[in-house]
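# Fold and contact review
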Amino acid sequence: MKSALAFAIALVVALGFAAVPVQAASWNSGSSDTTDEKDSKYGEAKKLIDAGDFAAAVPLLEEVVAANPKNADAYNYLGYSQRKSGNQAAALVNYQKALALQPEHRGANEYLGELYLEMGQPDKAKERLKVLDGACFFGCDEHRELKEAINAYMAKAGG
C-alpha cells in the first residue's frame, strides 16, 4: 500500500513539473534580447521599417548601436534598412556585426542569406540556411523564408 501511495505522489509531482511553463530562451526567438523595446530611437526605427521607410530608420539605428555596441538586434535591423535602401556593402558589415555578437541570430542569418542572393552568391546563402537548420529546432519562419528565396533564386538561375 505504501508503494502505491509513493508511486501516486511521484506521479503527481512529475506531472506537476511537466505542466510548468518554460520560458523561451532568447536564442529561440532569434533575438539578442539586449534591446529595450521601450528605447525611443529603436522603437521609432522599427515603426519606420514597418512603414517601409528604411532610409529614415538608418540614422536612428546608427545611434542605437553607437550607444549599445553589443545590440545584435539593432545591427540586424540596421543592416536590413541599409540593404533595403540599396547599400549592400554597409548591410553586409552590420549583419556580420550582429552575427559576431550572436552567431545563431535568426533574423541576421536570414537577411544575410538574402543579401548573398542579391549579390549572386547562392553558396553563401546556403551556408546561412545551414546555420538556421541548427538554430531552428522545430522550424522557423526565417528558415522557411530563406529556403524559399534560395529555391526561387535557383529556379530563376536555372540551377
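Here the structure is shown first, and the text comes after it.
All of the points below concern the structure found in this document. Predicted model only: the values in this text are computed from it and were never measured.

### Notes on helix α5 (residues 72-84)
Between its first and last C-alpha atoms α5 spans 18 Å; for 13 residues at 1.5 Å apiece the expected length is 18 Å, and the two agree. The buried fraction of α5 amounts to 11 of the 13 residues, a majority that puts the element mostly inside the structure. Of the residues making up α5, those classed as buried are A72, D73, A74, Y75, N76, L78, G79, Y80, S81, Q82 and R83. Those residues of α5 that are buried lie in contact with α3 (40-50), α4 (54-67), α6 (88-101) and α7 (106-118). Where α5 starts, the residue carrying a side-chain oxygen 3.2 Å from the main-chain nitrogen of D73 turns out to be N71. Where α5 ends, the next residue or the one after it, G86, has phi of about 95 degrees, a positive value.

### A short note on the state of the cysteines
In this structure the tally under the stated criterion is one disulfide. The disulfide partner of C136 is C140, and the S-S distance across this bridge is 1.9 Å. With the S-S bond torsion at 50 degrees, the cross-link from C136 to C140 turns out right-handed. Note on C136: relative accessible area 7%, which makes it buried.

### Considering the packing of α5 against α7
Viewed as axis vectors pointing N to C, α5 and α7 meet at an angle of 25 degrees, and their least axial separation amounts to 10 Å. Put simply, α5 runs roughly parallel to α7. Crossing hand, α5 versus α7: left-handed. Mapping the contact onto sequence places N76, Y80 and R83 in α5 and G107, A108, Y111, E114, L115 and E118 in α7.

### Observations regarding the nonpolar core
Counting 34 residues, the largest nonpolar core has L61, Y95, L112 and I150 as its most contacted members. Every element with two or more residues in this core is listed here: α3, α4, α5, α6, α7, α8 (122-135) and α9 (141-157). Counting residues per element, this core draws most heavily on α4, at seven residues. Non-local contacts of L61, meaning those with residues more than four positions away in its chain, are made with Y42, A45, I49, A74, Y77, L78 and S81.

### Details of the pattern of salt bridges
Evaluation of the coordinates by the stated rule reveals seven salt bridges. E114 is paired through a salt bridge with R83; the nearest N and O atoms lie 2.9 Å apart. One end of the pair, E114, is in helix α7; the other, R83, is in helix α5, with 31 residues separating them in the sequence. Here R144 and D141 are joined by a salt bridge, their closest N and O atoms 3.3 Å apart. One end of the pair is R144 and the other is D141, both in helix α9 and three residues apart, which spans about a single turn.

Thresholds applied
Residues numbered from 1 in each chain as written. Predicted model: local features only at pLDDT ≥ 70, side-chain atom pairs only at ≥ 80, totals over all residues. Heavy atoms only, no water. Helix = DSSP H or I, 4+ residues; strand = E, 2+ residues; numbered from the N terminus. Expected span 1.5 Å × (residues − 1). Buried < 20%, exposed > 50% of the residue type's maximum accessible area, 1.4 Å probe, protein only. Contact = heavy atoms within 4.5 Å. Polar contact = N/O pair within 3.5 Å; in protein donor to acceptor, adjacent residues only side chain to side chain. Disulfide = S-S within 2.5 Å. Axes fitted to C-alpha atoms, helices over the stretch in contact; angles between N-to-C directions. Parallel < 35°, antiparallel > 145°, perpendicular 65-115°, else oblique. Left-handed = near helix turned anticlockwise from the far one by under 90°. Core = buried A, V, L, I, M, F, W, Y, C linked by side-chain atoms within 4.5 Å. Salt bridge = Lys/Arg side-chain N within 4 Å of Asp/Glu carboxyl O.

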